[in-house]
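Now for the letters of each chain:
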Amino acid sequence: MSLAIAVRTAPSADYLLDTPLPELLAEFDVLLVDSRITDPTFTGGAVRRQGGGLLFSMRPGQPAWERDAAARVMLGRELGVPMPPLPAPYQLAEV
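Given the structure is predicted, the values throughout are model-derived calculations rather than measurements.

**Q** So, the layout of surface pockets: which residues are in play, and what are the values?
**A** Volume-wise, the largest pocket comes out at about 570 Å³. Around the largest pocket, the lining is made up of 20 residues, and of these G44, G45, A46, L92 and A93 lie nearest the centre. Counting only elements with at least two residues in the lining of the largest pocket, the list comes to β2 (44–48) and α3 (64–79). Ranked by the residues each element gives to the lining of the largest pocket, the list is headed by β2, at five residues. In terms of residue class, the lining of the largest pocket is made up of 11 nonpolar, five polar and four charged.

**Q** How would you sum up the environment of P40? Please name residues and give values.
**A** Looking at the secondary structure, you find P40 in the loop between β1 (30–34) and β2. On a C-alpha basis, the gap between P40 and G61 in space is 9.4 Å, while along the polypeptide they are 21 residues apart.

**Q** Before we move on, could you go through the environment of L55 and cite the residues and values that matter?
**A** Within the secondary structure, L55 sits in strand β3 (residues 54–58). Take L55: its relative accessible area is 23%, and that puts it in the partly exposed class. The residues touching L55, leaving out its near neighbours within four places in the chain, are L31, V33, G45, A46, V47 and R49.

**Q** How would you explain unusual backbone geometry if you had to name every residue and give the values?
**A** A negative phi angle characterises most non-glycine residues, just as the trans form characterises most peptide bonds. Cis geometry marks the peptide bond from A88 to P89; its omega dihedral reads 10 degrees. Following the sequence through the fold, P89 ends up in the segment after α3. Located in the positive-phi region is D29, a residue other than glycine, with phi close to 55 degrees. The topology assignment puts D29 in the loop between α2 (21–27) and β1.

Rules used throughout
Residues numbered from 1 in each chain as written. Predicted model: local features only at pLDDT ≥ 70, side-chain atom pairs only at ≥ 80, totals over all residues. Heavy atoms only, no water. 1 Å grid on protein atoms, 1.4 Å probe; cavity = no way out; pocket = protein on both sides within 12 Å on 5 of 7 lines; lining within 4 Å. Points joined across faces, edges and corners; volume = space filled by probe spheres on them. Helix = DSSP H or I, 4+ residues; strand = E, 2+ residues; numbered from the N terminus. Nonpolar A, V, L, I, M, F, W, Y, C, P; charged D, E, K, R; others polar. Buried < 20%, exposed > 50% of the residue type's maximum accessible area, 1.4 Å probe, protein only. Contact = heavy atoms within 4.5 Å.

Pasting the structure below:
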């Protein structure tokens, strides 16, 4: 009898950039919610959930392209996948 162990390899940056965002969120167990922070300089934040998965809290009302790009780059960071930099003035910071 053999024991098969599933080993998940990190996705590529191309995969994270090309796959529809709803599919990525489901695949990597990411819950995306609106933040209570409405400051236009706040794009979003990522937190590891206690039971597993991730929580992305993002500014309500932000443009769809901004939310999409920020979520993909945050996911890449959380998965340890080198991603292209965000355009200025956006930047990721760890706190």
